[in-house]
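Residue-level structural notes
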Amino acid sequence: MTNTSTSVKKEQSNGSSAENQKGIENHKKAAKHHEEAAKHHHDAAKHHEAGNHEKACESTVKANGHHCLAAEHQREDLKHHTLNN
């Protein structure tokens, strides 16, 4: 009898461990930047509510920067998946 985790492990073992590690790191980095972007968007909303639109603008710019960085890591991971299939 084969359990689900064994099947998943077999599928995940395709490719080198260095390639897999790079993919893992790209996912983690993208996730971290998405979290930071969300934090800055929440800050921007709070600043707008307080009437401090200049600080809201600064927070929005920071959020956009993190979105861009997250997208770069996602693109790298997508290239990795595309090239290995």
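These figures come from a predicted structure and were not determined experimentally.

1. Quick look at the confidence of the model for the chain
Taken residue by residue, the chain gives an average pLDDT of 87. The fraction at 70 or more is 81%. Of all secondary-structure elements in the chain, the lowest mean pLDDT belongs to helix α1 (residues 4-12), at 48, while helix α2 (residues 17-49) reaches the highest, 96. Across residues 6-11, confidence stays below pLDDT 50; counting only partners more than four residues off in sequence or on other chains, it has one contact.

2. Considerations on the pattern of salt bridges
Applying the stated rule across the entire model yields three salt bridges. Between E36 and K32 there is a salt bridge, with the nearest N and O atoms lying 3.8 Å from each other. One end of the pair, E36, and the other, K32, are both in helix α2, four residues apart, so they sit about a helical turn from each other. Put simply, D43 and K39 hold a salt bridge, and the shortest N to O gap is 3.3 Å. Here D43 pairs with K39, and both are found in helix α2, just four residues apart, close to one helical turn.

3. Quick word on the environment of E54
In this structure, E54 sits in helix α3 (residues 53-83). Its relative accessible area of 60% is what places E54 among the exposed residues. Sequence separation between E54 and A44 is 10 residues; the distance between their C-alpha atoms is 9.4 Å.

4. So, the side chain of N26
Tracing the sequence through the fold places N26 in helix α2. Excluding residues within four positions of it along the chain, N26 makes contact with H73, E76 and D77.

5. Quick word on α3
Between the first and last C-alpha of α3 there are 45 Å, a value that for 31 residues agrees with the 45 Å anticipated at 1.5 Å per step. Among the residues making up α3, those that are buried are A56, S59, A63, H66, A70, H73, D77 and H80. Against α2 lie the buried residues of α3.

6. Topic: α2
The end-to-end C-alpha distance of α2, which contains 33 residues, comes to 48 Å, matching closely the 48 Å that a straight helix rising 1.5 Å per residue would cover. Burial in α2 covers these residues: G23, N26, A30, H33, A37, H40 and A44. Residues of α2 that are buried make contact with α3. Looking at the residues trailing α2, positive phi occurs at G51, about 85 degrees.

Reading the values: the criteria
Note that residues are indexed from 1 along each chain, following the sequence as it is written. Only residues with pLDDT of 70 or above have their local features reported here, since the model is predicted, and side-chain atom pairs are shown and tallied only from 80 upward, although totals for entire chains, interfaces and linings are computed over all residues. Only hydrogens and water are set aside; all other atoms, that is, all heavy atoms of the structure, feed into the side-chain values. Every residue carries a pLDDT, the predictor's confidence in it, which falls somewhere between 0 and 100. Runs of E in the DSSP output that reach at least two residues are strands. Runs of H or I that reach at least four are helices, and both are numbered from the N terminus. Contacts are assigned to residue pairs with any non-hydrogen atoms lying within 4.5 Å of each other. Salt bridges, as used here, are contacts in which a Lys or Arg side-chain nitrogen is within 4 Å of a carboxyl oxygen on Asp or Glu. In this scheme, a residue with accessible area under 20% of its type's maximum is buried, one over 50% is exposed, and one in between is partly exposed, where area comes from a 1.4 Å probe on protein chains only. In this scheme, a helix's expected span is set at 1.5 Å multiplied by one less than its residue total.

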